[in-house]
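Take a look at the letters that make up each chain.
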Amino acid sequence: MSVPTGALPDLRHRTADRSAALPGGMNLNLPPVAQPGADFADPEPNPAEKPERRSGSFVALPKAELGLCAGMSVCLFVYMLYCALRFCLDHQHQLNVEDLGPGWTILGRRKDVHDPEWREWVKRMRMCTSFPLYYLGQAVLGAVTGKLWPKAKPPLYAVYGVSSLVVCLGWKPAAVVLIQAVLTFALSRLRRPALVWGVKVIVMATIFMEPGSTWHYNLVRSYSKYSIYMVALTLSCLREISFAMELSWETEPDPAGYSLLDLLSYNFYWPLLTSGPVINYSSFRQQRLSQVDSGQQNLPRVLWGLARLLFWFLLLDFSLHFFYIHAVCARMDILQQASVFSLYGLIYAQVQFFHVKYVVFYGLGSTLARLDGISSPPQPKCVATIYQFSDMWRSFDPGLYKWLVRYIYWPLGGSRSATFVFVYYWHGASHNLFVWAALQFLGVLLETLARRVMRLPAVREWEVRHLSAASSRRLRTFLNSWPFEALIISNLVFLTTPQVGALYVQKLGSPLAALQTAAVLFCIGQWTVEIRKQVPLT
């Protein structure tokens with residue numbers, strides 16, 4: 001899930017850890033927790049008794065079959081990307097001039113600059129700009145303060161974050177973010193979450209709707225600064241809701257760790273302020289209170305993490321000199337000429353680029369936060385290992401996922417619709433996001449319905465009686481290919497437009513193409529199931 005782009009010219013039960021719940025009402029059956037000493041008290045199984053096989057349980061396929069699926073999957077990935085590459089190169093002369101910008105001098109080629117998020121990120125992270133210095137200053141401030149005056153870290157981080165935002169964007173945008181935080185703190189003292197939510201909904205409406213969006217843009221009058229401002233402002237909404245909700249669940253009248261300074265040091269913590277990922281206040285506060293000066297111990301890990309991010313950064317930017325995936329997908333007349341495997345390759349390249357892009361975006365702040373002993377949510381998992389809607393929601397953006405579960409899904413009694421409505425609204429409430437959210441919601445329902453059908457006693461009994469464990473795995477993987485295809489199309493709508501998604505449905509909806517797509521997804525699915533050790537629809 002991306003940061004909000006719609007404005008751009010794209011628990012109460014505190015003692016229970018419910019972070020494994022899914023907003024779509026998907027797999028909510030958590031494994032039982034073993035009691036202390038249970039492994040000693042349980043009787044050993046009788047080897048003479050044959051354990052009853054459960055339908056849908058994981059079983060390894062024969063090595064020859066698994067090797068065939070893995071080999072075919074690798075070959076399919078390579079061939080799909082080759083077809084996409086040839087298609088992009090063959091039609092580059094038809095692309096719009098503004099979609100191809102100057103590339104690396106050493107390559108002597110123009111590159112795809114149609115993706116505004118990546119284009120602006122590359123601009124601001126060049127060494128000739130001052131933006132990288134803000135991160136360097138944060139690292140130096142943390143190292144010096146940790147040695148000389150550790151208790152001064154929270155107030156200094158708040159001051160540094162606000163000051164950096166003023167220097168980067170100007171005092172007016174920084175003042176808007178600061179006033180929003182102060183207002184949220186005042187409302188949170190009333191311990192009325194509904195009031196905070198109401199104000200935040202209004203704030204987000206001013207961000208994405210006219211005349212509010214124009215007013216915000218006029219504060220900076222620069223597209224590059226506007227993109228940074230919007231990310232900081234919308235992510236601040238999530239952090240401030242987290243702070244207010246956590247305070248409302250406290251039983252003490254004036255609990256420690258919930259002052260205005262605590263909110264400002266949390267909201268304006270620079271490594272996470274302008275890029276994410278979002279981290280819940282409960283986790284941030286706990287880590288801040290329990291941390292020790294671990295900057296030197298974490299330094300080798302941080303340097304290795306930065307080296308990895310630099311590699312992915314260069315690889316992505318290099319790929320745009322040959323794979324014009326964003327520019328091509330913006331031209332319907334060009335897409336209509338694509339073959340089936342070219343479409344496969346363009347889809348895969350789109351989602352893989354999006355995944356690695358957010359590994360870079362989230363990774364920079366998360367890596368530098370380790371210098372302060374702050375562990376952020378895990379980075380997005382590779383989309384090649386995601387085979388279910390539930391995995392997509394849980395694995396791609398774990399920070400946003402945990403936020404949705406903790407502050408919307410559980411407080412509203414497991415409401416799927418409210419969760420999806422907020423995701424749509426927070427991302428910008430545009431037309432293509434509405435279609436994307438609707439397809440995601442329908443995909444979750446389809447997957448949930450298929451899972452419930454497979455759990456019916458009659459179906460389980462038939463499956464155990466007539467199918468081997470390996471055949472059961474094959475059947476479930478094949479049946480899951482249809483919701484998985486819906487997942488792919490919905491994500492394509494998110495990354496492009498509903499028109500592009502409709503074109504893919506039309507071209508891949510013929511009987512031959514549909515059968516071919518099911519075979520491709522089946523091979524990839526078996527490989528993914530083996531990696532994750534989890535059979536779909538269980």
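Just so we're clear, the structure is a prediction, and the values are computed from it rather than from any experiment.

Asker: Mind showing me how you'd approach the side chain of H91 here?
Answerer: Looking at the secondary structure, you find H91 in the loop between α2 (63-90) and β1 (100-102). With near-sequence residues (within four places) excluded, H91 lies in contact with I334 and Q337.

Asker: Teacher, can you tell me more about helix α23 (residues 498-508) here?
Answerer: Because an α-helix completes one turn every 3.6 residues, residues spaced three or four positions apart along the sequence face the same direction. For α23, the full list of buried residues reads P498, V500, G501, L503, Y504 and L508. Tucked inside the fold, the buried residues of α23 contact α14 (325-329), α15 (332-335), α16 (340-369), α20 (431-455), α22 (469-495) and α24 (511-532).

Asker: Just to check I follow, could you spell out the UniProt feature "transmembrane region" (unreviewed entry) in the chain for this structure?
Answerer: Following the UniProt record, the feature "transmembrane region" (unreviewed entry) maps to residues 64-85, 133-150, 156-183, 195-217, 309-329 and 433-450 here. This span, residues 195-217, is 87% helix and 0% strand, and a straight line between its end C-alpha atoms measures 27 Å.

Asker: I keep staring at the side chain of S481 and nothing clicks. Help me out?
Answerer: Position of S481 relative to the elements: it lies in helix α22. With sequence-adjacent residues up to four places away left out, S481 is seen in contact with Y387 and L521.

Asker: Got a minute to help me understand the packing of α20 against helix α21 (residues 457-466) in this structure?
Answerer: Axis angle and axis distance: for two packed helices, these are the angle between their axes and the distance between the axes, and together they describe the pair. Contact geometry of α20 with α21 gives a least axis separation of 5 Å together with a crossing angle of 65°. Looking at the two axes, α20 sits roughly perpendicular to α21. Contacts between α20 and α21 involve V453, M454 and R455 from the former and P457, V459, R460 and E463 from the latter.

Asker: How should the environment of F318 be read in this particular structure?
Answerer: With respect to the helices, strands and loops of the structure, F318 is situated in helix α13 (residues 295-319). The exposure class assigned to F318 is partly exposed, which follows from its relative accessible area of 33%. Sequence separation between F318 and G103 is 215 residues; the distance between their C-alpha atoms is 8.7 Å. For F318, the contacting residues outside a window of four places in its chain are W104 and L107.

Asker: Would you take a moment to explain helix α19 (residues 416-426) for this structure?
Answerer: Among all positions of α19, only T419, F420, F422, V423, Y425 and W426 are buried. Contact partners of the buried residues in α19: α7 (193-208), α9 (223-248), α17 (389-395), α18 (398-409) and α20. Positive phi shows up at G428, right after α19, with a value of about 135°.

Asker: Help me understand the state of the cysteines, please; the structure alone is not making it clear to me.
Answerer: Two cysteines, two sulfur atoms, one covalent bond between them: this is a disulfide. A complete count under the given rule lists zero disulfides for this structure. Left unpaired, C69 is separated from the closest cysteine sulfur, that of C523, by 5.0 Å. In this structure C88 is a free cysteine whose sulfur lies 7.8 Å from that of C329, the closest cysteine sulfur available. We classify C88 as buried; its relative accessible area is 0%.

Asker: I keep staring at the nonpolar core and nothing clicks. Help me out?
Answerer: One broad rule of soluble globular proteins: the nonpolar side chains tend to lie buried together. Core analysis: the largest hydrophobic core is formed by 138 residues, its most contacted members being W403 and Y504. By residue number, the principal contributor to this core is α16, which donates 19 residues. Here this core gathers at least three residues from each of two domains, domain 1 (129-290) and domain 2 (381-537). Every residue in contact with W403, bar those within four places of it in the chain, is listed here: W197, L238, I241, S242, V278, N280, I408 and F422.

Asker: Where do I start with the pattern of salt bridges in this structure?
Answerer: Side-chain pairs of opposite charge can arise where the charged atoms are in close proximity. According to the stated counting rule, one finds 17 salt bridges in the structure shown. In this structure, R465 engages E461 in a salt bridge whose closest nitrogen and oxygen atoms are separated by 2.7 Å. Here R465 pairs with E461, and both are found in helix α21, just four residues apart, close to one helical turn. For R465, a relative accessible area of 60% translates into the label exposed. By relative accessible area, E461 is classed as partly exposed at 46%. Notably, a salt bridge pairs E463 with R476, separated by 2.9 Å at the nearest N-O pair. Here E463, found in helix α21, pairs with R476, found in helix α22; they are 13 residues apart in sequence, far enough to count as distant.

Asker: Looking at this structure, how should I read the packing of aromatic side chains?
Answerer: For any pair of aromatic rings, the description rests on two quantities: the centre-to-centre distance and the angle between the ring planes. Applying the stated criterion across every chain, the model contains 39 aromatic pairs. Here the aromatic rings of W249 and Y407 are separated by 5.9 Å at their centres, their planes lie at 10°, and the arrangement is stacked. Of the two residues, W249 sits in the loop between α9 and α10 (260-267) while Y407 sits in helix α18, which places them 158 residues apart along the sequence. The exposure classification of W249 matches that of Y407, with both residues buried.

Asker: Explain the packing of α10 against helix α12 (residues 281-290) here, please?
Answerer: Following both chains from N to C, one finds α10 and α12 inclined at 100°, their axes separated by 11 Å at the closest point. Classed by the angle they form, the pair α10 and α12 counts as roughly perpendicular. Contact residues: α10 offers D262, S265 and Y266, while α12 offers Y281, F284 and R288.

Asker: Just checking my understanding: could you explain a nonpolar patch on the surface for this structure?
Answerer: A surface patch of nonpolar side chains, about 660 Å² in accessible area, is lined by L133, L136, V140, V144, L148 and W149. Along the chain, L133 turns up in helix α4 (residues 131-148). Here L133 falls in the exposed class, since its relative accessible area comes to 53%.

Asker: In this structure, what is going on with the environment of I531? I would like to understand it.
Answerer: Mapped onto the elements of the fold, I531 is located in helix α24. Taking C-alpha positions, I531 is 7.4 Å from T385, a pair spaced 146 residues apart along the chain.

Asker: When you look at unusual backbone geometry in this model, what are you seeing that I'm missing?
Answerer: Put simply, E210 and P211 share a cis peptide bond, and its omega is 0°. Take P211: it is sitting in the loop between α7 and α8 (212-220). Look at K533: it is not a glycine, yet its phi comes out positive at around 55°. With respect to the helices, strands and loops of the structure, K533 is situated in the segment after α24. Here K533 falls in the partly exposed class, since its relative accessible area comes to 49%. Phi is positive for L537, which is not a glycine, with a value near 60°. By secondary structure assignment, the location of L537 is in the segment after α24.

Definitions and limits used
Residues numbered from 1 in each chain as written. Predicted model: local features only at pLDDT ≥ 70, side-chain atom pairs only at ≥ 80, totals over all residues. Heavy atoms only, no water. Helix = DSSP H or I, 4+ residues; strand = E, 2+ residues; numbered from the N terminus. Contact = heavy atoms within 4.5 Å. Buried < 20%, exposed > 50% of the residue type's maximum accessible area, 1.4 Å probe, protein only. UniProt positions renumbered as here; feature names shortened; annotations may be inferred. Axes fitted to C-alpha atoms, helices over the stretch in contact; angles between N-to-C directions. Parallel < 35°, antiparallel > 145°, perpendicular 65-115°, else oblique. Disulfide = S-S within 2.5 Å. Core = buried A, V, L, I, M, F, W, Y, C linked by side-chain atoms within 4.5 Å. Domains from an automatic or database assignment. Salt bridge = Lys/Arg side-chain N within 4 Å of Asp/Glu carboxyl O. Phe/Tyr/Trp six-rings, centres within 6.5 Å; stacked < 30°, edge-to-face > 60°. Patch = residues over 30% accessible without salt bridge, like charges linked within 9 Å, V, L, I, M, F, W, Y side chains within 5 Å. Areas by Shrake-Rupley, 256 points an atom, 1.4 Å probe, with all protein chains shown as cover.

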